[in-house]
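What follows is each chain in one-letter form.
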Amino acid sequence: MTVLTGILIGLATGIVFGFVLEKSRVFEPGIIVGQMQLRSFIMLKVFLAAVITGLIALAVMHGAFGVKLSLKPLVWQADIIGGLVLGAGIALAGACPGTSLAQVGAGYRDAWFVVLGGIAGAVFYGYFDTSITAFFAEKGAKVTFAELAGYPFWMVAIGFAAVLTIFLVALERMIPWRQEVGTNVDGVLPQDAVTGSAPSRETSHRA
Amino acid sequence: MPSLSDKAWSPYMAGVIIGLLQIPTFLLMDTALGASSSFVTVGAHLAALVDPGVAQIKYFTSHMAGAKNWWQVAVVVGIAIGAFVSMKLSGSRRPAVSAVWARATGATSLAGRAPIAFFAGFLMLLGARIAGGCTSGHGISGMAQLSVGSTVAVAAMFAGGMLVANLFFKRV
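Residues numbered from 1 in each chain as written. Chains lettered and ligands numbered in written order. Predicted model: local features only at pLDDT ≥ 70, side-chain atom pairs only at ≥ 80, totals over all residues. Heavy atoms only, no water.

Peer 1: Just checking my understanding: could you explain the state of the cysteines for this structure?
Peer 2: Should the sulfur atoms of two cysteines be covalently bonded, the bond is a disulfide. Evaluation of the coordinates by the stated rule reveals zero disulfides over all chains. Sulfur of A:Cys96: no disulfide; nearest cysteine sulfur belongs to B:Cys134 and is 6.6 Å away. Given the relative accessible area of 8%, A:Cys96 is considered buried. (Disulfide = S-S within 2.5 Å. Buried < 20%, exposed > 50% of the residue type's maximum accessible area, 1.4 Å probe, protein only.)

Peer 1: Help me out: how do you make sense of the packing of aromatic side chains in this one?
Peer 2: To describe a pair of aromatic rings, you give the distance between the ring centres and the angle between the ring planes. Applying the stated rule across the entire model yields nine aromatic pairs over all chains. When the ring of A:Phe124 is compared with that of A:Phe128, the centres are 4.9 Å apart and the planes differ by 45°; the resulting orientation is tilted. Separated by four residues within a single helix, A:Phe124 and A:Phe128 lie in helix α6 (residues 110–136), roughly one turn from each other. When the ring of A:Tyr125 is compared with that of B:Tyr59, the centres are 5.0 Å apart and the planes differ by 65°; the resulting orientation is edge-to-face. With A:Tyr125 in helix α6 and B:Tyr59 in helix α4 (residues 58–64), the pair connects residues from two separate chains. The two residues A:Tyr125 and B:Tyr59 agree in class, both being buried. Among the aromatic residues, ring-to-ring pairing joins A:Phe124, A:Phe128 and B:Phe122 into one connected group. Directly above the ring of B:Trp101 sits B:Arg113, whose terminal nitrogen or CZ lies 3.7 Å from the centroid. (Phe/Tyr/Trp six-rings, centres within 6.5 Å; stacked < 30°, edge-to-face > 60°. Helix = DSSP H or I, 4+ residues; strand = E, 2+ residues; numbered from the N terminus. Lys NZ or Arg CZ within 6 Å of the ring centre and 35° of its normal.)

Peer 1: What is the right way to read helix α5 (residues 67–90) of chain B from this model?
Peer 2: Helical geometry note: an α-helix holds 3.6 residues per turn, so side chains three or four residues apart project in the same direction. With 24 residues, α5(B) ought to run about 34 Å at 1.5 Å a step, and its terminal C-alpha atoms sit 34 Å apart, in line with that. One or two positions beyond α5(B), positive phi appears at B:Gly91, with a value near 65°. (Expected span 1.5 Å × (residues − 1).)

Peer 1: I keep staring at unusual backbone geometry and nothing clicks. Help me out?
Peer 2: Most peptide bonds adopt trans geometry, and most residues besides glycine take a negative phi value. Residues and elements named next belong to chain A. A positive phi angle, close to 55°, is found at leucine 38, a residue other than glycine. Tracing the chain through its elements places leucine 38 in the loop between α2 (29–36) and α3 (42–65). Unlike most non-glycine residues, alanine 137 shows phi in positive territory, near 45°. By the secondary structure assignment, alanine 137 is in the loop between α6 and α7 (145–149).

Peer 1: Where do I start with empty space enclosed by the protein in this structure?
Peer 2: The gaps left among the atoms become clear once a water-sized probe is rolled over them. Applying the stated rule across the entire model yields two cavities of 30 Å³ or more. By volume, the largest cavity amounts to about 160 Å³. Looking at the largest cavity, it is lined by 14 residues, and the ones nearest its centre are A:Leu21, A:Cys96, A:Thr99, B:Thr135 and B:Ile140. Looking at the lining of the largest cavity, the elements that each hand over two or more residues are α1 (3–24), α3 and α5 (97–106) of chain A together with α8 (135–144) of chain B. (1 Å grid on protein atoms, 1.4 Å probe; cavity = no way out; pocket = protein on both sides within 12 Å on 5 of 7 lines; lining within 4 Å. Points joined across faces, edges and corners; volume = space filled by probe spheres on them.)

Peer 1: In this structure, what is going on with a nonpolar patch on the surface? I would like to understand it.
Peer 2: Together, A:Ile15, B:Leu4, B:Val77, B:Ile81, B:Phe84, B:Val85 and B:Leu89 give the surface a local cluster of nonpolar side chains, amounting to about 530 Å² of exposed area. Topologically, B:Val85 is positioned in helix α5. (Patch = residues over 30% accessible without salt bridge, like charges linked within 9 Å, V, L, I, M, F, W, Y side chains within 5 Å. Areas by Shrake-Rupley, 256 points an atom, 1.4 Å probe, with all protein chains shown as cover. Salt bridge = Lys/Arg side-chain N within 4 Å of Asp/Glu carboxyl O.)

Peer 1: Sorry if this is basic, but what is going on with the packing of α3(A) against helix α1 (residues 11–20) of chain B here?
Peer 2: The description of two helices packed together rests on the angle between their axes and the distance between the axes. At a minimum axis distance of 7 Å, the contact between α3(A) and α1(B) shows a crossing angle of 40°. Here α3(A) is positioned oblique relative to α1(B), judged by the angle of their axes. As for how α3(A) packs across α1(B), the hand of that crossing is right-handed. Residues A:Ile42, A:Lys45, A:Val46, A:Ala49, A:Ala50, A:Thr53 and A:Gly54 of α3(A) form the contact with α1(B), whose own contacting residues are B:Pro11, B:Tyr12, B:Gly15, B:Val16, B:Ile18, B:Gly19 and B:Leu20. Classifying every residue of the contact of α3(A) with α1(B) by side-chain character gives nine nonpolar, four polar and one charged. (Axes fitted to C-alpha atoms, helices over the stretch in contact; angles between N-to-C directions. Parallel < 35°, antiparallel > 145°, perpendicular 65-115°, else oblique. Left-handed = near helix turned anticlockwise from the far one by under 90°. Contact = heavy atoms within 4.5 Å. Nonpolar A, V, L, I, M, F, W, Y, C, P; charged D, E, K, R; others polar.)

Peer 1: Is there a simple way to explain the pattern of salt bridges in this structure?
Peer 2: Oppositely charged side chains are able to pair whenever their charged atoms sit close together. Within the structure shown, the criterion is met by seven salt bridges over all chains. For A:Asp110, the salt bridge goes to B:Arg113, with nearest N and O atoms at 2.9 Å. With A:Asp110 in helix α6 and B:Arg113 in helix α7 (residues 110–131), this residue pair bridges two chains. It is possible to trace a salt-bridge network through shared partners that takes in A:Glu22, A:Arg25, A:Glu28 and B:Arg94.

Peer 1: Please explain the layout of surface pockets as it appears in this structure.
Peer 2: Roughly 950 Å³ of internal volume is contained in the largest pocket. Residue lining of the largest pocket: 40 residues in total, with A:Lys72, A:Pro73, B:Arg129, B:Gly132 and B:Gly133 positioned closest to the centre. Mapped onto the lining of the largest pocket, the elements with two or more residues apiece are α4 (76–93) and α6 of chain A together with α4, α5, α7 and α8 of chain B. It is α6(A) that contributes the most residues to the lining of the largest pocket, five residues altogether. Of the residues belonging to the lining of the largest pocket, the class tally is 16 nonpolar, 16 polar and eight charged. By volume, the second largest pocket is sized at about 160 Å³.

Peer 1: Help me out: how do you make sense of the interface of chain B and chain A in this one?
Peer 2: Accessible area lost upon the coming together of the parts serves often as the stated size of an interface. With 128 residues of chain B in contact, the opposing surface of chain A contributes 123 residues. Regarding the contact of chain B and chain A, the summed buried area is about 10,900 Å², with carbon and sulfur atoms giving 76% of it. Contact with chain A buries area across many residues of chain B, yet B:Tyr12, B:Arg94 and B:Leu146 alone supply 8% of it, more than any other trio. Put simply, chain B and chain A have three salt bridges between them. Summed over the shared surface of chain B and chain A, the number is 32 residue pairs in polar contact (both at pLDDT 80 or more). (Buried area = accessible area lost by both parts, 1.4 Å probe. Polar contact = N/O pair within 3.5 Å; in protein donor to acceptor, adjacent residues only side chain to side chain.)

Peer 1: Would you mind showing me how to read the nonpolar core here?
Peer 2: One recurring pattern in soluble globular proteins is that nonpolar side chains are buried together. If you look at the biggest cluster of nonpolar residues, it comprises 120 residues, and the most contacted ones within it are A:Phe17, B:Ile18, B:Phe60, B:Trp101 and B:Phe169. A total of 15 residues in this core trace back to one element, the largest contributor, which is α3(A). If we skip the residues at most four places from it in the chain, B:Phe60 touches A:Ala122, A:Val123, A:Gly126, A:Tyr127, B:Val40, B:Ala44 and B:Val54. (Core = buried A, V, L, I, M, F, W, Y, C linked by side-chain atoms within 4.5 Å.)

Put into structure tokens, the structure is as follows:
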């Protein structure tokens with residue numbers, strides 16, 4: 001494939017991605033920080049809905065048509081330490097690498113600094129890649145839960161998708177998403193409503 | 001029916017559309033959705049402008065050329081364009097700094113946020129590159145492939161995020 005074709009496919013994919021990141025409000029710092037404080041669940045809702053859809057798509061593509069998976073290896077220390085550092089950055093940024101660009105598009109100016117810091121962080125890692133990978137000294141195997149369980153991929157994927165769907169239905173019943181977006185659609189709710197969040201949300205849902 | 005000029009869509013509809021993007025990505029690009037390695041591609045090209053030694057570092061050179069690397073750069077550029085178009089259609093342009101920061105950290109101005117934002121971005125990509133993926137690559141894509149490593153990384157991400165948001169921020 002030529003680089004130009006890749007860029008055109010990437011642009012089309014990214015535009016749809018960015019459009020729905022904005023529409024779902026999941027790119028909002030208020031929603032991302034709210035998720036990390038368990039005051040908002042919109043991030044989890046978008047995230048799990050995307051995982052469920054991906055599970056079903058891959059159950060069909062990989063299970064029925066043999067499309068190759070694109071797995072990352074299991075490297076315990078790197079996954080845990082890298083994940084913790086990344087998570088700390090996500091909370092401080094109120095963004096993840098992808099949503100920081102959505103914030104730039106939607107007008108948040110501090111997101112430009114997140115993107116610049118991100119480029120600097122990626123370059124810093126690049127210079128120390130050899131020593132960091134040598135430090136962790138893990139080979140890592142590409143392993144799925146389906147292999148661990150000894151069942152076909154499609155079966156475990158559909159089963160996991162079903163469990164996550166039940167979880168999301170229950171979550172939405174307890175905390176409807178419309179109550180989480182806020183009047184300025186930035187996930188920032190009135191402070192008094194926030195302090196009494198759990199009971200007031202449930203009452204209004206049952207009313 | 002949701003309309004293109006709505007300010008907010010159901011998170012479930014948005015999530016399903018993001019999940020469906022895996023189909024063209026796997027079929028056309030032979031890979032999964034991701035975002036963080038594009039920062040290496042752009043960063044490596046910028047670093048190469050001032051440091052000729054970049055050409056000797058395999059991690060950089062492996063991210064600098066080819067359709068897959070530029071595909072992902074185009075994805076993140078597309079994300080900014082898509083969010084811009086959506087914001088224009090609904091007329092919900094965002095201010096310089098989200099109101100949530102006044103509550104969480106007391107920062108109300110761009111000058112107050114900028115240094116933290118830069119540091120946050122640095123940590124984000126340093127962590128993502130150590131773990132080999134971010135919320136997209138490990139999260140949305142890894143978990144959809146039942147990857148054990150990605151699930152470990154996602155658990156660590158949420159643990160790190162919750163730790164910082166609860167230790168250093170006021171309740172939002």
